[in-house]
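Residue-level structural notes
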Number of protein chains: 2
Amino acid sequence: MRDVPTREVILREAQLCFARQGFEGTSLNDIAAGVGIRRPSLLHYFASKDAIYQQVLLDALEDWGKQVDSTRIGDLDGWELLDGVLEASFDFFRRNPEIVRIVRREALSEQSTLGEALRPYFLQAVAFFEREMAAGLFRTQDAANLVVSGYASLLTYFSDGSMLRGLLDDDPFTPNALERRFVHIRQFFRAALEP
Amino acid sequence: MRDVPTREVILREAQLCFARQGFEGTSLNDIAAGVGIRRPSLLHYFASKDAIYQQVLLDALEDWGKQVDSTRIGDLDGWELLDGVLEASFDFFRRNPEIVRIVRREALSEQSTLGEALRPYFLQAVAFFEREMAAGLFRTQDAANLVVSGYASLLTYFSDGSMLRGLLDDDPFTPNALERRFVHIRQFFRAALEP
DNA sequence: GTCTATACCGCGATAGAC
DNA sequence: GTCTATCGCGGTATAGAC
């Protein structure tokens, strides 16, 4: 085993548990068992279960934000930028299914402030579409709802993966299935946006 | 107060609690308080908390199924049928936000059999699209992924409503906002399917 | 930094009076 | 059919030894 700080191991295991079982469904025993220490030892690193969750959520949103920011670079035109963001998002969600599920669980909660935390990214996306619509590159339409549909189509495939397995009677995460999903999403947006 | 059987009142309150707080986050005390009885009295009607949940989920899927079945009637052509199903689904989800949220919570769970329960409806939808694609009415494409995107776009707006409120800094459930959302979804599908 | 021990609470479920 | 009382379990969190 590598010498990873215990605090990091705890956060990694907590992310897994919260993604799989949700906040209420996860006990400190679950996390401690995964780390290989006793329950009270967790609370040497974090003040409470809630503090662990808040840190996990914060890290998840930060990772996501970094990913989004890193793909805005470059002097790409509208179509290239759209494809780039779609592909980078798709890839990030594929590589971080735990983050997707934690975010979706959070989105289902009524008192979450997730929406406010993501608003800057949302507004940026809306502004991008409206700019390209005004420029005539994209067909004019309801940009806010377009972004919401993108969010829904991208995230749902990964958050509801185990349900999809039942629907399709097949593994939705094979390389082939993932490739088909991505081609579909890109084509879906192209069809909606072509003038 | 009307004379609704206590069993029905329990199921209605349980539906609300499970939608808002999930299975783990709901205690029998929560449900009992909403009904206006004590916790042990619940277990006079149901054997366990799990039995209550199973019944709520079953009723929800039955209501949904009835809605879907009722809109398949009529000798409509492909476009009319598509619009009809989209509108009926949208309206059903709007009127039954609790069902949407329970289903989405269930979809996030790994050991759920929800996917298998919905497979007949899924296959029916896929078959419909493939038939109309073969007939040349709809543009040929990946029908299964199209249905998944429809599921995602329709449900997410209602399941993640409180997050949308934060994203938009506005109420996503006003008549105007709902109308705009529906117009967007219909147009999104039209663009994807026009030959 | 991790442990054992423990305090304390809320949970689901049962027993039995009314 | 609803209640009070209670059981046993597992939860979070704390105290203090090593």
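Residues numbered from 1 in each chain as written. Chains lettered and ligands numbered in written order. Predicted model: local features only at pLDDT ≥ 70, side-chain atom pairs only at ≥ 80, totals over all residues. Heavy atoms only, no water.

A look at the relation of the copies chain B and chain A
To keep things clear, this is the line we draw: Here the copies were fitted onto each other by least squares, based on C-alpha atoms from residues at pLDDT of at least 70 in both. We call two residues contacting when some pair of their heavy atoms lies within 4.5 Å.
Note on the identical chains: chain B maps onto chain A by a rotation of 180° and an axial translation of 0.0 Å, with an RMSD of 0.1 Å. Put plainly, the chains are arranged around a two-fold axis. Residue by residue, 100% of the interface of chain B is reproduced at the interface of chain A, so both copies engage with the same surface.

Description of the interface of chain B and chain A
Which entries qualify depends on this criterion: Accessible area, probed at 1.4 Å, shrinks when two parts are joined; the buried area is that loss added up over both. Just to be clear on terms, a salt bridge is a Lys or Arg side-chain nitrogen sitting within 4 Å of an Asp or Glu carboxyl oxygen. Two N or O atoms count as a polar contact when they lie within 3.5 Å, although within protein this holds only if one can serve as hydrogen donor and the other as acceptor, and sequence-adjacent residues are included solely when both atoms are side-chain atoms. Helix numbering and strand numbering both begin at the N terminus, where a helix is a DSSP run of H or I of at least 4 residues and a strand a DSSP run of E of at least 2. For this classification, Asp, Glu, Lys and Arg are treated as charged, while Ala, Val, Leu, Ile, Met, Phe, Trp, Tyr, Cys and Pro are nonpolar and the rest, including Gly, are polar.
Listed per partner, the contact involves 46 residues of chain B and 46 residues of chain A. Taking both sides of the interface into account, the surface hidden between chain B and chain A amounts to around 4400 Å²; carbon and sulfur atoms contribute 58%. Its largest share of buried area at the contact with chain A, chain B owes to Leu-108, Leu-167 and Phe-188 of chain B, together 17% of the area lost on that side. If you look at where chain B meets chain A, you find eight salt bridges. Counting every contact that joins chain B to chain A gives 22 residue pairs in polar contact (both at pLDDT 80 or more). For the side of chain B that touches chain A, the secondary-structure elements that each account for two or more residues are helix H1 (6-25), helix H6 (97-108), helix H7 (114-134), helix H8 (143-159), helix H9 (161-168) and helix H10 (175-193) of chain B. The leading source of residues in the side of chain B that touches chain A is H8 of chain B, at 11 residues. The class makeup of the residues in the side of chain B that touches chain A is 19 nonpolar, 13 polar and 14 charged.

Points about the nonpolar core
Under the convention used in this document: The criterion is simple. A nonpolar core is a set of buried Ala, Val, Leu, Ile, Met, Phe, Trp, Tyr and Cys residues joined through side-chain atoms within 4.5 Å. Relative accessible area decides the class of each residue, using a 1.4 Å probe on protein chains only: under 20% of the type maximum gives buried, over 50% gives exposed, and in between gives partly exposed.
Counting 100 residues, the largest nonpolar core has Ile-31, Phe-129 and Leu-193 of chain A together with Phe-129 and Leu-193 of chain B as the members making the most contacts within it. Counting 17 residues, the second-largest nonpolar core is a separate cluster that includes Ile-10, Leu-11, Leu-57 and Ile-102 of chain B.

Overview of the protein's contact with DNA strand C
Worth spelling out the cut-off: The cutoff for a nearby residue is simple: one of its non-hydrogen atoms must lie within 4 Å of the molecule or strand.
In the vicinity of DNA strand C, 16 residues are found, and the nearest of them are Arg-38, Ser-41 and Tyr-45 of chain A together with Leu-28 and Asn-29 of chain B. Per the 4 Å cut-off to the protein, sugar and phosphate atoms form 59% of the nearby atoms of DNA strand C. At 3.4 Å, a side-chain N or O of Thr-6 of chain A approaches a phosphate oxygen of DNA strand C. Separating a base nitrogen of DNA strand C from a side-chain N or O atom of Arg-39 of chain B is a distance of 2.9 Å. Contributing elements (two or more residues each) for the surface near DNA strand C: helix H3 (39-45) of chain A together with helix H2 (28-35) and helix H3 (39-45) of chain B. Class assignment of the residues belonging to the surface near DNA strand C gives a composition of six nonpolar, seven polar and three charged.

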